[in-house]
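Per-entry structural report
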Amino acid sequence: MDWLWITLGVVLIIAGLAGCIIPLIPGPPLSYLGLVIIQFALNEPFTYRFMVIWLLITIGVTLLDYYVPIWGTKKFGGSRSGIWGATFGLLIGIFFFPPFGMIAGPFIGAVIGELIIGKDSATAIRSGFGSFIGFIAGTVMKLAVSFIMAFYFFKAII
């Protein structure tokens, strides 16, 4: 029976890593579920404190993933319209043009948002670039957290 749980844990860890890149799949939460499965399958290889810390990290990274592209837009000179454009662009890109829409959507949305309020094209493109940098930073952050959880998972089963 342990092999069934371990296999499910491996599937969750792999899905978590893939979910860091593929839209609509919650990467770090799936990786954390892999740790939870192993926690019960292998007679608690992790401490309670370890599990709580990784739960908080998972929640934090998941929430930050939605905020970081907006922060990037703002940091690169984007206005409220650019931030709203990046947000709408992300939503439209995720649902209508996955997976590339998830990358291009916030950039295009931020640029359009800035152009609508009359900003010059250079400022609009800089704002769009900020949302792209934010997206990349969020993806790297999710991948780092999921890889670390995968490390602990595989360390526990070996």
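Structural notes, computed from the coordinates. (Residues numbered from 1 in each chain as written. Predicted model: local features only at pLDDT ≥ 70, side-chain atom pairs only at ≥ 80, totals over all residues. Heavy atoms only, no water.)

Once that is clear, we can look at the pattern of salt bridges. Pairing of side chains with opposite charge becomes possible as their charged atoms draw close. Across all of its chains, the model carries 2 salt bridges by this definition. With a closest N to O distance of 3.3 Å, Asp 65 and Lys 142 form a salt bridge. Here Lys 142 lies in helix H6 (residues 121-157) and Asp 65 lies in helix H3 (residues 48-75), a separation of 77 residues in the sequence. Ionic pairing is found between Glu 114 and Lys 119, a salt bridge with its closest N-O pair at 3.7 Å. On the accessibility criterion, Lys 119 (28% relative accessible area) is partly exposed. (Salt bridge = Lys/Arg side-chain N within 4 Å of Asp/Glu carboxyl O. Helix = DSSP H or I, 4+ residues; strand = E, 2+ residues; numbered from the N terminus. Buried < 20%, exposed > 50% of the residue type's maximum accessible area, 1.4 Å probe, protein only.)

Here we take up the packing of aromatic side chains. In this description, an aromatic ring pair is defined by two values, namely the gap between the centres and the angle between the planes. This model, assessed by the stated rule, comprises 8 aromatic pairs. A centroid spacing of 5.0 Å and a plane angle of 80 degrees characterise the contact between Phe 50 and Tyr 152, whose relative ring orientation is edge-to-face. Highlighted residues: Phe 50 in helix H3 and Tyr 152 in helix H6, separated in sequence by 102 residues. Relative to Phe 129, the ring of Phe 76 has its centre 5.6 Å away and its plane inclined at 80 degrees; by these criteria the two rings are edge-to-face. Here Phe 76, found in the loop between H3 and helix H4 (80-96), pairs with Phe 129, found in helix H6; they are 53 residues apart in sequence, far enough to count as distant. Judged by relative accessible area, which is 39%, Phe 129 ranks as partly exposed. (Phe/Tyr/Trp six-rings, centres within 6.5 Å; stacked < 30°, edge-to-face > 60°.)

Here helix H2 (residues 27-41) contains 15 residues, and its C-alpha end-to-end distance of 21 Å stays within 8% of the 21 Å for a straight helix at 1.5 Å per residue. Gly 27, Pro 28, Leu 30, Ser 31, Tyr 32, Gly 34, Leu 35, Ile 37, Ile 38, Gln 39 and Ala 41 are the residues of H2 that are buried. Against helix H1 (2-19), H3 and H6 lie the buried residues of H2. Looking one or two residues beyond H2, the residue adopting positive phi is Asn 43, at roughly 60 degrees. (Expected span 1.5 Å × (residues − 1). Contact = heavy atoms within 4.5 Å.)

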